[in-house]
Amino acid sequence: MTIKLIGKSLSSPTVRVIICLKELGLPYELESPASLQSLKDEDYIANKHPFRKIPVLFDGDFRITESRPICRYLVSKYQDKHNDTILIPNDVHKAGLVDQFISYELSYYDPPISKLIHQEKFSKRLFNKDPDPEVIKQAREEFAKVLDVYEKLLERKEYLNGEYSLADIVHTYYVYGIVTHSDLWDNRPNVKNWWNRLCNRDVIKKSLEETKSFWENNENI
């Protein structure tokens, strides 16, 4: 039975799941909600996501929400089934470190970038408010401190866990939204090299190009 993913190509968490699906060689169907308002429908809340969010994944009769748990589930069930891509190593210590870096992303990397994304991509489009320069400045400063730590974490490593893994995937989905802040990566050689490796992977490159194209062709969304 084909996997069904409910989400939107403008949604960063949805893109993260799409990258994971493609890396594992899994076919899927993407179903976009009719509107933001439809996420508030009683049926959506009861049968898809109790907090009215995307993405939601259906694998047959099984339903799971939230992008990081969705990705972990997909790896647990399908890794080694369709190709030889390993996203969570079998070694318990290496697997533990993958989870560690995913936690870093959620706790430290995500919050300041989310502020930038909200201000520069959604504030005007969805709320008819001009971006707040002070919030953007603060978010840049916060994110710069986070990347200083990543610069040390990536010393003598090609990827966060040494080898490409789910830990890297959870960081890639924000690329398209922060192109105006590329200096934050460029000023840190280890981070920049890591970023370039990720963006040159076929699956990630294609997924992010599609998302970038969506934004460029939907300025009034």
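Reading guide: rules and limits
Residues numbered from 1 in each chain as written. Predicted model: local features only at pLDDT ≥ 70, side-chain atom pairs only at ≥ 80, totals over all residues. Heavy atoms only, no water. UniProt positions renumbered as here; feature names shortened; annotations may be inferred. Helix = DSSP H or I, 4+ residues; strand = E, 2+ residues; numbered from the N terminus. Core = buried A, V, L, I, M, F, W, Y, C linked by side-chain atoms within 4.5 Å. Buried < 20%, exposed > 50% of the residue type's maximum accessible area, 1.4 Å probe, protein only. Axes fitted to C-alpha atoms, helices over the stretch in contact; angles between N-to-C directions. Parallel < 35°, antiparallel > 145°, perpendicular 65-115°, else oblique. Contact = heavy atoms within 4.5 Å. Nonpolar A, V, L, I, M, F, W, Y, C, P; charged D, E, K, R; others polar. Pairing = 2+ DSSP bridges. Right-handed = clockwise from strand over helix to strand, strands pointing away. Salt bridge = Lys/Arg side-chain N within 4 Å of Asp/Glu carboxyl O.

In the nomenclature of an unreviewed UniProt entry, the protein chain corresponds to glutathione transferase from the organism Gigaspora margarita. What UniProt states about the protein chain under its Catalytic activity (unreviewed entry) heading is, verbatim, "RX + glutathione = an S-substituted glutathione + a halide anion + H(+)".

Below, the discussion takes up the UniProt feature "domain: GST N-terminal" (unreviewed entry) in the protein chain. Here, UniProt's "domain: GST N-terminal" (unreviewed entry) annotation points to residues 1-82. With 37% helix and 20% strand, residues 1-82 has end C-alpha atoms that lie 15 Å from one another.

Turning to the nonpolar core, a few remarks are in order. Ranked by internal contacts, the top residues of the largest apolar core, which has 51 residues, are Leu 57, Leu 74, Tyr 109, Leu 166 and Trp 194. The biggest single contributor to this core is helix α4 (residues 92-127), with 8 residues.

When two helices pack together, you describe them by how their axes are tilted relative to each other and by the distance separating the axes. Interaxial distance between helix α5 (residues 133-153) and helix α8 (residues 189-199) falls to 7 Å at its minimum, and their mutual angle equals 80 degrees. Regarding the angle of α5 to α8, the classification is roughly perpendicular. Across the interface between the two elements, Leu 147, Tyr 150 and Glu 151 from α5 touch Pro 189, Asn 190, Val 191 and Trp 194 from α8. Across the contact of α5 with α8, the residue classes tally to 5 nonpolar, 1 polar and 1 charged.

Now for the environment of Glu 151. Tracing the backbone through its elements, the reader meets Glu 151 in helix α5. With a relative accessible area of 16%, Glu 151 lands in the buried category. Expressed as a C-alpha distance, the spacing of Glu 151 and Trp 185, which sit 34 residues apart in the sequence, is 9.4 Å. Setting aside residues up to four positions removed in sequence, Glu 151 forms contacts with Arg 188, Pro 189, Asn 190 and Val 191.

Where strand β1 (residues 3-6) and strand β2 (residues 28-31) come together, 4 bridges link them in parallel fashion. Note on β2: the bridge partner recorded for Ile 3 is Tyr 28. You can see the chain leave β1, run along helix α1 (residues 12-23) and come back into β2, and the turn it takes is right-handed. Note that β1 and strand β3 (residues 56-59) share 3 bridges and pair antiparallel. For Ile 6, the partnering residue across the bridge sits in β3 and is Val 56.

Pairing in this open sheet of 4 strands is mixed, and the strands run β2-β1-β3-β4 from one edge to the other. A single partner strand is all that each edge strand has here, and the edge strands are β2 and β4 (62-65). Ignoring strand direction, the axes of neighbouring strands in this sheet form an average angle of 20 degrees.

Residues Val 56 and Phe 58 line one face of β3 and the alternating positions Leu 57 and Asp 59 line the opposite face, and both faces are buried. Of the pairings in the sheet, the one linking β3 to β4 comprises 4 bridges and is antiparallel in character. Along β4, the bridge assignment pairs Val 56 with Thr 65.

Next up on the list: the pattern of salt bridges. Under the criterion given, the structure shown has 12 salt bridges. Between Glu 105 and Arg 16 there is a salt bridge; the shortest N-O distance is 3.0 Å. With Glu 105 in helix α4 and Arg 16 in helix α1, this pair connects stretches of sequence that are 89 residues apart. For Glu 105, a relative accessible area of 0% puts it in the buried group. Residue Arg 68 pairs with Glu 105 through a salt bridge whose shortest N-O separation is 2.9 Å. You can see Arg 68 sitting in helix α3 (residues 67-78) and its partner Glu 105 sitting in helix α4, a full 37 residues away along the chain. Salt bridges here are not isolated pairs; linked through shared partners, they connect Arg 16, Arg 68, Glu 105 and Asp 110.

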